[in-house]
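Structural overview for review
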Amino acid sequence: MNLNKPYGKISYVLRKARNRIILSITLRNVTAGLCTALAAGIILELLSRLIPIYRVYVLWGYAGAGIFLLSLLSVFLFLPKKKAVARLLDSFGLQERIITSLELEKEDSEYKELLLEDTVSKLDTVNYREKIKLLPDKKLLAAVIFLTLAFGATVLLPQPLLEEARQAHELNAYKKEQKKKVEKAEKEVEKNTGLTQVQKKDLLDKLEALKQELKKSQDTRAADKALEKLAKKLEQKIDKTKEADLKNLAEKLAGNKTAQALADALKSEKKEEIGKEFENLKNKLKSMSAAEKNDFKDTLSKAADSLGDSELKDSLNGLGGALNSGDENAVNKSVDKLNGAVNDSLSQKNMNNALAQAQNDLQPNAVNAQNQGQNSGQGQGAAQGQGQGKAQGQGSGTGQGSGQGQGAGQGKGAGGSSAGSGTGNGDGGVTPYGQGGIANKAPSAGQEKEYEKVFTPSRLGGQGETSVITGKGNNNGKSETTITNNADASLGELMPYNQVVGQYSERAMESMDNSSIPGGMEDIIKNYFASLQD
Amino acid sequence: MEDKEILSIADTIKAVENEVGKAIIGQKDVIRQVLIAVFTGGNVLLEGSPGLGKTQLVKTLSKVMDLSFSRIQFTPDLMPADVVGTNIIMKDEKGSSKFEFQKGPVFAHMVLADEINRATPKTQSALLEAMQEHTVTVGNSTYQLEEPFMVLATQNPLENEGTYPLPEAQLDRFLFKLMVPYPNLEELKGIIGVTVNNQTSVLQTIIDRNRILEIREILKKVPMSKLVEEYALRVVLATHADYEKAPELSRKYIRYGASPRAAQAIISTARVRAVMEGRYNVSFEDIKYVAPSALRHRFFMNFDAVADGITPEGIIEEILTGQLDTAKV
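Residues numbered from 1 in each chain as written. Chains lettered and ligands numbered in written order. Predicted model: local features only at pLDDT ≥ 70, side-chain atom pairs only at ≥ 80, totals over all residues.

Counting its regular elements, chain B contains 14 helices and 11 strands. The buried share among the 329 residues of chain B stands at 43%. Excluding contacts between residues fewer than 6 apart, the proportion of contacts in chain B whose partners are at least 24 apart in sequence is 76%. (Helix = DSSP H or I, 4+ residues; strand = E, 2+ residues; numbered from the N terminus. Buried ≥ 20, exposed ≤ 12 C-beta atoms within 10 Å, placed from the backbone. Contact = placed C-beta atoms within 7 Å.)

All names here are of chain B. Taken across its 5 residues, strand 5 (residues 110–114) has 5 buried, putting it largely inside the fold. The side-chain alternation of strand 5 yields two buried faces, one formed by Met110, Leu112 and Asp114 and the other by Val111 and Ala113. In the sheet, strand 2 (residues 69–73) pairs with strand 5 via 5 bridges, with the strands oriented parallel. Bridge pairing in strand 5 links Arg71 to Leu112. (Pairing = 2+ DSSP bridges.)

On to the environment of Ala290 of chain A, then. Residues and elements named next belong to chain A. Within the fold, Ala290 resides in helix 14 (residues 290–306). On the neighbour-count criterion, Ala290 (8 C-beta atoms within 10 Å) is exposed. Expressed as a C-alpha distance, the spacing of Ala290 and Asn324, which sit 34 residues apart in the sequence, is 9.9 Å.

All names here are of chain B. The 5 strands are arranged 2-5-8-1-9 in an open sheet whose pairing can be described as parallel. Strands at the two margins of the open sheet, each flanked by one partner only, are strand 2 and strand 9 (174–179). With strand direction ignored, the average angle separating the axes of adjacent strands in the sheet is 20°. As paired strands, strand 1 (residues 43–47) and strand 8 (residues 150–155) are joined by 4 bridges and run parallel to one another. (Axes fitted to C-alpha atoms, helices over the stretch in contact; angles between N-to-C directions.)

Looking now at the interface of chain A and chain B. Contact residues are listed per partner, giving 17 residues for chain A and 17 residues for chain B. Breaking the side of chain A that touches chain B down by element, the ones donating at least two residues are helix 3 (82–94), helix 4 (97–104) and helix 5 (112–123) of chain A.

Of all hydrophobic cores here, the largest spans 114 residues; its most connected members are Val34, Val44, Ala232, Val235, Ile266 and Ile287 of chain B. Here this core gets 10 residues from one element, more than from any other, and that element is helix 11 (residues 260–276) of chain B. Setting aside residues no more than four positions away along its own chain, Val235 of chain B makes contact with Ile266, Ile287, Ala291, Ile319, Leu320 and Gln323 of chain B. Ranked by size, the runner-up nonpolar core spans 26 residues in total, among them Leu285, Leu307, Leu338 and Ala341 of chain A. (Core = buried A, V, L, I, M, F, W, Y, C linked by C-beta atoms within 7 Å.)

Let us now look at unusual backbone geometry. As a rule of thumb, non-glycine residues mostly have phi less than zero, and peptide bonds are mostly trans rather than cis. Residue and element names in this part refer to chain B. Residue Pro148 is reached from Glu147 by a cis peptide bond, and omega for that bond is -10°. The topology assignment puts Pro148 in the loop between strand 7 (141–144) and strand 8. Located in the positive-phi region is Gln27, a residue other than glycine, with phi close to 50°. Among the secondary structure elements, Gln27 is positioned in the loop between helix 1 (3–23) and helix 2 (28–40).

On to the packing of helix 11 of chain B against helix 12 (residues 284–295) of chain B. Axis angle and axis distance: for two packed helices, these are the angle between their axes and the distance between the axes, and together they describe the pair. All names here are of chain B. The interhelical angle for the contact between helix 11 and helix 12, taken along N-to-C directions, is 135°, at an axis separation of 8 Å. Comparing their axes, helix 12 and helix 11 come out oblique. The handedness of the crossing between helix 11 and helix 12 comes out as right-handed. Across the interface between the two elements, Ala262, Ala265, Ile266, Thr269, Ala270, Arg273 and Ala274 of helix 11 pack against Asp286, Ile287, Tyr289, Val290, Ala291, Ala294 and Leu295 of helix 12. (Parallel < 35°, antiparallel > 145°, perpendicular 65-115°, else oblique. Left-handed = near helix turned anticlockwise from the far one by under 90°.)

A few words now on the confidence of the model for chain A. Residues and elements named next belong to chain A. Residues at a pLDDT of 70 or more form 74% of chain A, whose mean pLDDT is 72. Low confidence marks residues 366–448, where pLDDT is under 50. Its contacts with residues over four positions away, or in another chain, come to 238 contacts. Contacts from residues 458–464, a stretch scored under 50 in pLDDT, to residues over four places away or in other chains number 12 contacts. (pLDDT = per-residue confidence, 0-100.)

The share of residues in chain B with pLDDT of 70 or more is 96%, and the mean pLDDT across the chain is 86. Both scores are available for the predicted complex, with the pTM at 0.58 and the ipTM at 0.83.

Attention now goes to the environment of Val144 of chain A. By secondary structure assignment, the location of Val144 of chain A is in helix 7 (residues 138–156). Taking the C-alpha atoms as reference, Val144 of chain A lies 7.4 Å from Thr31 of chain A; in sequence the two are 113 residues apart.

Have a look at this one:
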């Protein structure tokens, strides 16, 4: 830039003035930003006294930082262009000399030289440094001081809603977390190809209803109750009979040569393969000898006896009857019916899996349990005597475990998320489900503990084979004795102490949830059951 | 054109202004604006009470600028022929008669149409062609008026009875309408000194007609920034009630806005004013200076304005301020 040339001189002055304008704008915007941030702080402070606002200072910090950043960034919006700077300098007494000179730069005018000379001579007389001040606006400065004092005053005001705000925040966080779990469960259900559309819809509806309940819940306890309610509903829907029957059927059929392939298919649990084997069975039955048929009938009969599901049992008995009749059509129909019953059982198994998965997904977290003064998971594994780390889980895990075969499946299903997995610290107690849990004092991963067995009457009237005793009602009759193989003659059984206490604890917690008990009493009950582990 | 020549223009105009000031006491602003009109090449309507020196001003100007001068006193019985001239039968040396055009008083460089609103519209309109085209048509013949030609008309705002207000078309042909103010005490003393106490002053001719024409051409080229030009145009547009950026006063009180001639007048006179101020560019100040004189007779207010005591100057002031605000960068 040649300052000896008129346009060089003009550009130099314009650049200097522009830099000064930018500095001035920055100062103005930052002061204005500070004012706004302080005003926002005061408003937030006052609001936090009227409505619960969690961590109001952190919130204000973010808002203030955002406003400050915006005020800095906004400088870029106000960056003056060359013509604007020229216009501003002209307004300082140059009377449009600069702007006209700039416009004439690429034009030819008889006045050009005279105008430039005139402009340059006047440029020196304009003290733009005095006009473009690098001091914040006095009004803004006064506002900053006033707002700072006001902010300081609001900080000193008492904060009666602080605790309420904290609780509300935690509830929201908890609800959000639970909602995520529900959504995860929904996704799992949607992905599950083994479920029918009706089953899927049923599950999804329940999960949706749970989401709504979570949304409405006023505290973590209500949210947990909603979760628990659904978990119970899901549990009720689990039908293990059909699943066990399917396994039993496969085992029984495996003993028969004709049905060996079908047994394998049943074990594989593949619907298509099973269907194919049933078709093969039809063909095989056509060419069977009488001895083979009898043998097969026996197998069917024994299998039917070992099953609990009436539909499957009827189908097997029906096939046996059809084989007796020798009617090929009847046999085929019976095979199809049996196929249908097996498919139903398979479908139920899938449903069971989906329900278990959903239950697993909906487990409340340990953090919340701790918030309620309870330690849900730690020591559960030990309570079940598994000590695998997997068998952690909440109270539900324990309850299910004990009720449906401890440690075999449910315990595992409920495990995994607890911090104390398998390494319990002896603080075990009542889970947020309100179900009892027994903690081991110092279990370690993989360690099993043998508990003292105690008598429990839980098997009274338990399952046994039904025996029919026939006889005639007369005075001369003789007595007959029938010995059954599967009858359980005992009035109870010996169970590990921890399982018994767990069941009692579970019942107690259920009772608490279903009836109104004072909060203080609940704690006493929970502490009592927690102390039993000692 | 050399720079020296441009530089001398401001001095020349200043010298004329000073010379006229010797004979006309006070009225500095009126003198300055009349000079702007002279160097722009436009007609001026002077409005003021009798005895304020309007005729003296025109006479002085013609003398200082070495221009021919004629004065027409407009009366109700004044005929158009009395203004432009007429064909009369003349006998030549051979005794044969023929029509010969006898030039009227309009054939002068500076024509003072005194109390123009007292003549009938027919006579007033006789001046229309002369004012706009600088020609006079009588019968089938058209006569070119010698340049520089300008009409300085006066009208008395006090005695409205028996007057014929100038039609809008004729008003639009006046470059400026100047309000001649009453002199203050000091100025009045000066007037008495010159006129009553016989303190005569000798006026010198500063400039001639050719030089005036040269200066006019040079001043037409004074640079004007686009910003300033836009401001001038916005000012004119703002006299229209339906202009989106027109101020509230315009919307409420203006019946008809200024014509494009107003924009021409503002821009061309602002150029002259810039040079008179010693600048080589037109500024917003120049526009503000000339706009009231160029606009006040070019827009017409409604009855509400009269009832509310609104003056054209008030509206113009509002427009000038408002439009400059929007012109800020």
